[in-house]
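What follows is each chain in one-letter form.
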Amino acid sequence: MGTRQDAAFDTVIALHRLLRSLRRTSPTGGLQPTQLIVLSMLTEAGPSRVGVIAERVPCSQPTATAVVAELEALGLVRREPDPTDGRATRVAVTGEGTGALRGVAHGEAEELLRRLGSLSGDEAARVLAVAPLLRRLAEAGR
């Protein structure tokens, strides 16, 4: 029988493979994974400075700056003055950005539901029931 460490490793690998395969088979609207992560983070956290985006994604500040510029050019985010510091700006998701993120997530969810059809009803229910726990684990890392 494997150790808890082996099980954790296997879980991480399985999650990576599942997410990668869902992204490959679902329409992304031409958005790259880092762009999707930034849109998701801004949707959950609200308007943020580029440095905060880089910290939470995580990526370098130059990468975050480039991703924000790309998303801004697509109309998916906008820069706005930081109310706590007049010299700084924050990045906020636009309505178009929220729509793009939802479109990608819905496409991936549809593909997941299709794949869940290959499992028994009990197995599919167990997979779906783990979502709140995975969210808590994701939030525990912040």
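Residues numbered from 1 in each chain as written. Predicted model: local features only at pLDDT ≥ 70, side-chain atom pairs only at ≥ 80, totals over all residues. Heavy atoms only, no water.

Notes on the overall build of the protein
So, point 1. Helix and strand content of the protein: 7 helices and 2 strands.
So, point 2. For the protein, the α and β elements follow one another from N to C terminus as α-α-α-α-β-β-α-α-α.
So, point 3. Its C-alpha atoms put the protein at 55 × 30 × 20 Å along the principal axes.
So, point 4. Counting across all 142 residues of the protein, residues that qualify as buried make up 27%.
So, point 5. The centroid of the 18 positive side-chain charges in the protein is displaced by 2 Å from the centroid of its 16 negative side-chain charges. (Helix = DSSP H or I, 4+ residues; strand = E, 2+ residues; numbered from the N terminus. Buried < 20%, exposed > 50% of the residue type's maximum accessible area, 1.4 Å probe, protein only. Lys, Arg positive; Asp, Glu negative; His and termini not counted. Charge placed at Lys NZ, Arg CZ, Asp CG, Glu CD.)

A short note on the side chain of Q35
So, point 1. You can see Q35 is positioned in helix α2 (residues 33-45).
So, point 2. Among the residues examined, Q35 registers a relative accessible area of 6% and is labelled buried.
So, point 3. Non-local contacts of Q35, meaning those with residues more than four positions away in its chain, are made with G30, V67, E70 and L71. (Contact = heavy atoms within 4.5 Å.)

Considerations on the pairing of strand β2 (residues 85-93)
So, point 1. When strand β1 (residues 77-82) meets β2, the two strands line up antiparallel, connected through 6 bridges. What sits directly across from R79, in β2, is V91.
So, point 2. Once β1 ends, the chain turns through 2 residues before running back antiparallel as β2. (Pairing = 2+ DSSP bridges.)

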